[in-house]
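Fold and geometry: a report
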Amino acid sequence: MKYYLEEAGTVLKQLESDINGLSSQQAEARLAQNGPNELREAKKIPLWRRFLRQMADPMIIILLIAAVVSTVTEAISSSGAFFPTDAVIILAVVILNAALGVFQESKAEKAIEALKQMTAATSKVVRDGRLTTVHSSELVRGDIIHLEAGDAVPADARIIESASLKLEEAALTGESVPVSKYVDLLNLNESDDIPLGDRKNMVYTGSTVAYGRGVAVVTETGMKTEMGKIADALDNASDSKTPLQQKLAELSKALSFIVLGICVFIFILRIVTNLGAIDFSFALDSFMIAVSLAVAAIPEGLVAVVTAVLSIGVTKMSKKNAVIRKLTAVETLGCAQIICSDKTGTLTQNKMTVVETYGTEKQLLARAMALCSDAELDRETEKAVGEPTECALVNFAFSEGLDKNELKQQAPRIAEAPFDSVRKMMSTVHDESGKVIQYTKGAPDEILKRCTQCIIDGKAVELDQRLRENILGQNKVMADKALRTLAAAMRVYKELPEDTQPEGLEQDLVFIGLCGMIDPVRDEVRYAISECRQAGIRPIMITGDHRDTAVAIAMNLGIIQSPDEAITGAELDKISEEDFLQAVQKYSVYARVQPEHKVRIVKAWQQNGYVTAMTGDGVNDAPSIKSTDIGIGMGITGTDVTKNVADMVLADDNFATIVGAVGEGRRIYDNIRKAIQFLLGSNLSEVLSILAATIMNFTILKPVHLLWINLATDCFPALSLGVEEAEDDIMKRAPRKTSDGIFSGGVGFNVLYQGVLVTLVTLAAYFIGARIETGSWAVVNSGHGMTMAFLTMSMGEIFQSFNSRSINGSSVKLLLSGKHNKLLFAAMASSLVLTTAVIYIPFLKNAFEFTAIGAGEYFIALGLAFSVVPAVELIKYLKGRKGKKTIT
């Protein structure tokens, strides 16, 4: 059916629906029959293909080929029974490594999938005769949906009610100018094949409401929508990497070439230093050591570990009401220096209550405020539902004996000029028993500009200068009490005017009165602002409210100390761009602002070199959200347009959540650097140990040993560091500079000296073992030495994961202060048990070619491994003392 060629009533009948919507049972049945309102996503890569992709690393393939060649060679040369021990162990370790890689990848994907569910779009729909909110995926044909400015259209639908409705359809039609929409039937004289862009009585998935409001009946959902026809499959998950992930990918590539170069050098060196005794078996063994080292030491899993840590971190953030939509925001949050926040609902509770009024006709004021709003009175609860400010007005009217539902029947709305943030007002026109009456509500100063008369004791009198000043004075009295004020006005017509645009309606108005509403400050915000100050972050309040209201609240919260730190949008307009760049640091409160002022404020801070976060909720806030470094959308009051361009969405619209997210962002970035430091330090110790042994012409570890160490020490300790709690001073540090690299703040130095440290204790363990076995300090191949070196390197790297709990602080102090990373301790204990089992369980010991070592040798090796803890603690202490002297 071509719904755009049918009357609205006919479409409703065809879809077996009406203006009261479907029942819940009908909706459930249709959902089961037609499926969810979703575009089909690209097929996910199956588990077996992911596993093979992990195994497809060139170094692993080379290693497996070498293991096969070694097995065949040994089988040919063996005179008796033969079991390919090395090949089996290598294959087992490689398979386990691949499985861990798939595990990390899957964990990250599940976390991101959970975030997608949390940020799933919702729609306002009439079900069981009541307006409610559901996930857009639950919409079905016949649903009655309500649309307003900023909403994304959730399904294809036929318009059945329109109030100045305009849609942005560029994504579908390429039309850059918002298109007016209406209920009327299209011209039937035209061809039946009306182009998509000319179907003015339809709305389509992929478009957004630019202005006005409307009601529509859903005609198609999911893949049957016009958007679904355009794309057979659409994968909403972004494959783009964060700057940190890109840096790490480049670093991994560079380190891979370095490690490969060292491996080639080790192979050639072993051959050259053993020319006299060389044979095919020795050459193959040397080749396998070089390739095993490449497999173990090349940090190919670095990006995967970091992605997993990021994903786990953002999942934790989402549980604290900060839903990250773009992973780049996590990195940028740690650099935030300025947080520009809306007042209403973010710094305050957004629980409006009318506490004061001004005007001689209180009943008329309540009537005007209730009718000129889109909030509705729930008959069951007798409480208003809708936007909080309008709810306060409808509840105020109800307290005065005026039921919004009855008012709507007495005076149905016949026209309107919806609210927008430029005019700062809205108007509705009503048919009251044959009379046409317009009610307008909005910012008092803006309403007064359009008024020529004032109601006093039931009569309209001329609004002279004295009355204007009196009204503005009463407005200031309310504002000084931190009340949010709205004014109401009216206009009477003989009949509905032809021009119902704002310019035509909003003039020659009659002033009715003022409502003063209290919006209590959130209790947790005062502490959050104090925490901002300690963290080197400056909070900025931006509001459309009166200057006096803004100043009163800002001083109460500690955002400013003096009214001189506040400026209005009108005053800002008089300052040139050049002067504002110099003056921007003077102001922490902006009152009576327009959306374009937000963009100007953001750019001024950015041009002064500051990383800036900005909140927004309205459709006109999208440009400032896009231009800022961290765009923050409001989850409760925010429009779809704003949320879709935001980097982060606040599920509770709370300023304290932003500050908490900054701390959490800093923690995640800290933990990523800890994991990087641990992984690269461990890899460096493996490379240096093999290189030193090769230069001195002895075998310190065999291929299977390197692969085992890599398996036991890389994955779980690194992931465990990713869930490390924030250090106590995390929000007492200055914001991180955006120019800081991965190795800044001591990470590069830590990787080098800690890698060398583990190398030294590993070599020491080898020589002590060789001395115990041979009774000499001569450099020889030794089974005892190899076994002790294996134990020391394995556990040395594990103890390094403990050292990495703090990059520059004491890990021991963390432990003593009661901060226990149970996951890390479990990983450390598991590694000790597994490493000990490999050394002492007979069949494993024989498979790994270890020599039975006594308790003394075991504890010497373990003691050497543990020695890295006090050594690193001492170096951190000395570095800390040097840093303090430099500051002094």
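Residues numbered from 1 in each chain as written. Predicted model: local features only at pLDDT ≥ 70, side-chain atom pairs only at ≥ 80, totals over all residues. Heavy atoms only, no water.

Before going further, it helps to spend a moment on the overall build of the protein. Along its length, the protein carries 34 helices and 25 strands. With respect to the principal axes defined by its C-alpha atoms, the protein has extents near 115 × 70 × 50 Å. Within the protein, buried positions represent 53% of all 888 residues. Here the contacts in the protein between residues at least 6 apart in sequence split such that 72% fall between residues at least 24 apart. When the accessible area of the protein is evaluated, it comes to approximately 38,400 Å², of which 57% is carbon and sulfur surface. (Helix = DSSP H or I, 4+ residues; strand = E, 2+ residues; numbered from the N terminus. Buried < 20%, exposed > 50% of the residue type's maximum accessible area, 1.4 Å probe, protein only. Contact = heavy atoms within 4.5 Å. Areas by Shrake-Rupley, 256 points an atom, 1.4 Å probe, with all protein chains shown as cover.)

Let us now look at unusual backbone geometry. Positive phi, close to 55 degrees, is recorded for S433, a residue that is not glycine. Notably, D508 is not glycine yet its phi reads approximately 50 degrees, a positive angle. Relative to the assigned elements, D508 resides in the loop between α17 (502–505) and β19 (509–518). Of the residues examined, D508 reaches a relative accessible area of 43% and is grouped as partly exposed.

In this section: the packing of helix α12 (residues 362–371) against helix α13 (residues 388–399). Running from N to C, α12 and α13 cross one another at 140 degrees; their axes reach a closest spacing of 8 Å. One element, α12, and the other, α13, form an angle in the oblique class. Considering how the two elements wind past one another, α12 and α13 form a crossing that is left-handed. Contact residues: α12 offers K362, A366, M369 and A370, while α13 offers L393, V394, F396 and A397. (Axes fitted to C-alpha atoms, helices over the stretch in contact; angles between N-to-C directions. Parallel < 35°, antiparallel > 145°, perpendicular 65-115°, else oblique. Left-handed = near helix turned anticlockwise from the far one by under 90°.)

Moving on, we come to the pattern of salt bridges. Summed over the entire model, instances satisfying the criterion amount to 39 salt bridges. Between D374 and R413 there is a salt bridge, with the nearest N and O atoms lying 2.9 Å from each other. Taken together, the residues D374 in the loop between α12 and β11 (376–377) and R413 in strand β13 (residues 413–420) connect sequence positions 39 residues apart. Overall, R413 belongs to the partly exposed group, its relative accessible area being 25%. As a salt-bridge pair, E849 and K702 come within 2.5 Å of each other at their nearest N and O atoms. Placement of the pair is E849 in the loop between α32 (842–847) and α33 (855–866) and K702 in the loop between α25 (655–695) and α26 (703–713), with a sequence separation of 147 residues. (Salt bridge = Lys/Arg side-chain N within 4 Å of Asp/Glu carboxyl O.)

This brings us to the pairing of strand β17 (residues 459–462). The pairing of strand β16 (residues 451–456) with β17 spans four bridges and is antiparallel. Residue I455 lies in a different strand from β17, and its bridge partner there is A460. Counting the residues that bridge the hairpin from β16 to β17 gives two residues, and of these D457 lies at a positive phi of roughly 55 degrees. (Pairing = 2+ DSSP bridges.)

Next up on the list: helix α28 (residues 747–774). Along its 28 residues, α28 runs 40 Å from first to last C-alpha, staying within 8% of the 40 Å computed at 1.5 Å per residue. Once α28 finishes, G775 follows within two positions and takes phi at roughly 75 degrees, a positive value. (Expected span 1.5 Å × (residues − 1).)

A separate point is the nonpolar core. Counting 129 residues, the largest nonpolar core has I559, F655 and I700 as the members making the most contacts within it. The leading source of residues in this core is α25, at 19 residues. In this structure I700 touches S689, I690, A693, T762, L763, Y766, M786 and A789, once residues within four positions along its chain are discounted. (Core = buried A, V, L, I, M, F, W, Y, C linked by side-chain atoms within 4.5 Å.)

With respect to the helices, strands and loops of the structure, V177 is situated in the loop between α6 (170–173) and β5 (179–180). In sequence terms V177 and A210 are 33 residues apart; their C-alpha atoms lie 9.8 Å from each other.

Nonpolar side chains collect at one region of the surface, where I61, I65, V69 and F280 lie side by side and expose about 350 Å² of accessible area between them. Among the elements that make up the nonpolar patch, the one with the highest residue count is helix α4 (residues 58–77) (three residues). As for its placement among the helices and strands, F280 is situated in helix α9 (residues 280–297). (Patch = residues over 30% accessible without salt bridge, like charges linked within 9 Å, V, L, I, M, F, W, Y side chains within 5 Å.)

Quick look at the sheet that holds strand β24 (residues 630–634) now. In spatial order, the strands read β8-β25-β24-β23-β9-β20-β22-β21; together these eight strands make up an open sheet with mixed pairing. This sheet does not close on itself; its edge strands, each paired only once, are β8 (322–324) and β21 (566–568). Between one strand and the next, the sheet's axes are offset by a mean angle of 20 degrees, whatever the strand orientation. Here three bridges tie strand β9 (residues 338–342) to strand β23 (residues 612–616), and the two strands are oriented parallel to one another. Each bridged residue has a counterpart across the sheet, and for C340 the counterpart in β23 is M614. Across the face of the sheet, helix α22 (residues 595–607) comes into contact with β9, β20 (538–542), β22 (589–591) and β23 while running at roughly 170 degrees to β23.

Time to look at the confidence of the model for the protein. Of all residues in the protein, 90% have pLDDT values of 70 or greater, and the mean over the chain is 86. Contacts for the low-pLDDT stretch residues 233–239, under 50 throughout, to residues beyond four places or in other chains number 11 contacts. (pLDDT = per-residue confidence, 0-100.)

Counted by the stated rule, this structure contains 13 aromatic pairs. For the ring pair Y587 and Y590, a centre distance of 6.4 Å and an interplane angle of 65 degrees mean the geometry is edge-to-face. The exposure class of Y587 is buried, given its relative accessible area of 15%. A relative accessible area of 0% places Y590 in the buried class. With a centroid separation of 5.2 Å and 90 degrees between ring planes, the pair formed by Y858 and F859 is classed as edge-to-face. Overall, the relative accessible area of 10% leaves Y858 in the buried class. (Phe/Tyr/Trp six-rings, centres within 6.5 Å; stacked < 30°, edge-to-face > 60°.)

It is worth spelling out the environment of K124 at this point. Secondary-structure assignment places K124 in strand β1 (residues 122–127). In terms of polar contacts, K124 uses its side chain to reach the side chain of D151, at 3.0 Å. (Polar contact = N/O pair within 3.5 Å; in protein donor to acceptor, adjacent residues only side chain to side chain.)

With 11 of 11 residues buried, α26 lies mostly within the body of the structure. Among the residues making up α26, those that are buried are P703, V704, H705, L706, L707, W708, I709, N710, L711, A712 and T713.

Turning to the pairing of strand β14 (residues 425–432), a few remarks are in order. Counted residue by residue, β14 has seven buried out of eight residues, so it is predominantly covered. Across five bridges, the pairing between β13 and β14 is antiparallel. Looking at β14, one finds that D420 is bridged to M425. If you look at the hairpin formed by β13 and β14, you'll find four residues sitting between the two strands, and K424 has a positive phi there, around 60 degrees. Direction of pairing for β14 relative to strand β15 (residues 435–442): antiparallel, over a ladder of eight bridges. Paired with T428 across the two strands is Y439, which belongs to β15. Between β14 and β15, which pair antiparallel in sequence order, lie two residues; one of them, S433, sits at a positive phi of approximately 55 degrees.

So, about the packing of α28 against helix α29 (residues 783–803). At a minimum axis separation of 7 Å, α28 and α29 run at an interaxial angle of 155 degrees. One way to sum up the angle between α28 and α29 is to call them roughly antiparallel. Here α28 runs over α29; the crossing is right-handed. Contacts from Q754, V758, V761, T762, A765, Y766, I768, G769, A770 and E773 of α28 reach α29 at G783, H784, G785, M786, M788, A789, T792, M793, G796, E797 and Q800. The class makeup of the residues in the contact of α28 with α29 is 10 nonpolar, nine polar and two charged. (Nonpolar A, V, L, I, M, F, W, Y, C, P; charged D, E, K, R; others polar.)

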